[in-house]
Amino acid sequence: MVTIKHLAIIPDGNRRWAKVKGLPLWQGHIKASKNIPEIIKGAFALGINSVTIWGGSYDNLTKRAPKEIEVLNRIYSFLSARFLKSRDVRDGKVRLRILGEWKKLLKDKTKEDLIRAETATKKNGPYNLTLLIGYNGDREMVKAINKLVRAGSKIDEEDIKRAIWTKDLLPVDLIIRTGGEPHLSAGFMMWDVRYAQLYFTEKLWPDFDVKDLKEAVGCYEGRERRQGK
């Protein structure tokens, strides 16, 4: 088993995959949604108890074409229904959390489907799956700071952690970003990734599979993690 407790994934490259294939951009999201359950299952099988996937930024859900946003809504509903039918969920092993500003951005039907999946698994464990939808790390931090300022007390690290959307999540050990773009976006989980190892791959997310996941995890396990020491 691996030493990773919390894995975060930035699944980039859907639109570029579609463009290479000569397909409408939204087709990349549909193709990408099909490997998400297998990646999650693969991570849990490796002994990683907490997996966070960035399912869509605030910008993705406010600045993209209407057709693309409609497809993303459909995908979220599809994934939530498939999630509830999975064996690990039926056996009470996986809890789902959805964080971000999704409740004010998604369609009513999509929100209902996500809330149903989140509520049905609230008491599950020991595995944790978190989807970040309508999530920008910079927006999260601004809202947290304003919340603390309104409270008017002296601020320490624990206060910041309690104020951010990801307050119940463990610190991230490993971030995988697909798509060959070696950077983080929109302040991704900036408080929780302070000591995370970063893994970048040229693979576009629709082509990323469990074998690629194992390669990334193996790379992490072969490194020394100093955490600033």
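Reference entry: report on the structure contained in this document. Predicted, not measured: the structure shown is a model, and the values here were computed from it. (Residues numbered from 1 in each chain as written. Predicted model: local features only at pLDDT ≥ 70, side-chain atom pairs only at ≥ 80, totals over all residues. Heavy atoms only, no water.)

## Here we look at the sheet that holds strand β5 (residues 174-177)
Inference 1: A sheet is described by the order of its strands in space; here six strands give the open sequence β3-β4-β2-β1-β5-β6, paired in parallel fashion. Strands with a single pairing partner mark the edges of an open sheet, and in this sheet they are β3 (94-99) and β6 (197-200). For this sheet, the mean inter-axis angle between neighbouring strands, taken without regard to orientation, is 20°.
Inference 2: Where β5 meets β6, four bridges bridge the pair, whose relative direction is parallel. By the bridge assignment, L174 is partnered in β6 with Q197.
Inference 3: The sheet strands contacting helix α7 (residues 108-120) are β3 and β4 (127-133), and the helix crosses β3 at an angle near 140°.
Inference 4: The strands touched by helix α10 (residues 210-221) are β1 (6-10), β5 and β6; relative to β5, the strand with the most contacts, the crossing angle is about 140°. (Pairing = 2+ DSSP bridges. Helix = DSSP H or I, 4+ residues; strand = E, 2+ residues; numbered from the N terminus. Axes fitted to C-alpha atoms, helices over the stretch in contact; angles between N-to-C directions. Contact = heavy atoms within 4.5 Å.)

## Considerations on the side chain of E101
Inference 1: Turning to its location among the elements, E101 is positioned in the loop between β3 and α7.
Inference 2: In this structure E101 comes out as buried when scored by relative accessible area, which is 7%. (Buried < 20%, exposed > 50% of the residue type's maximum accessible area, 1.4 Å probe, protein only.)

## Quick look at the packing of helix α5 (residues 66-85) against α7
Inference 1: Remark: α5 packs on α7, axes separated minimally by 9 Å, with the N-to-C direction vectors making an angle of 25°. In terms of their interaxial angle, α5 and α7 are classed as roughly parallel. Remark: the crossing between α5 and α7 carries left-handed chirality. In this structure, α5 uses N73, Y76, S77, S80, F83 and L84 to contact α7, whose residues at the interface are K109, T110, D113, L114, R116, A117 and A120. (Parallel < 35°, antiparallel > 145°, perpendicular 65-115°, else oblique. Left-handed = near helix turned anticlockwise from the far one by under 90°.)

## Focus: unusual backbone geometry
Inference 1: Going from G125 to P126, the amide bond is cis rather than trans, its omega being 15°.
Inference 2: On the secondary structure map, P126 appears in the loop between α7 and β4.
Inference 3: Here the phi dihedral of A186 falls at roughly 50°; this positive angle occurs in a residue that is not glycine.
Inference 4: With respect to the helices, strands and loops of the structure, A186 is situated in the loop between β5 and β6.
Inference 5: You will see that M189, though not glycine, has its phi angle at about 45°, which is positive.
Inference 6: Among the secondary structure elements, M189 is positioned in the loop between β5 and β6.
Inference 7: Since its relative accessible area comes to 0%, M189 is described here as buried.

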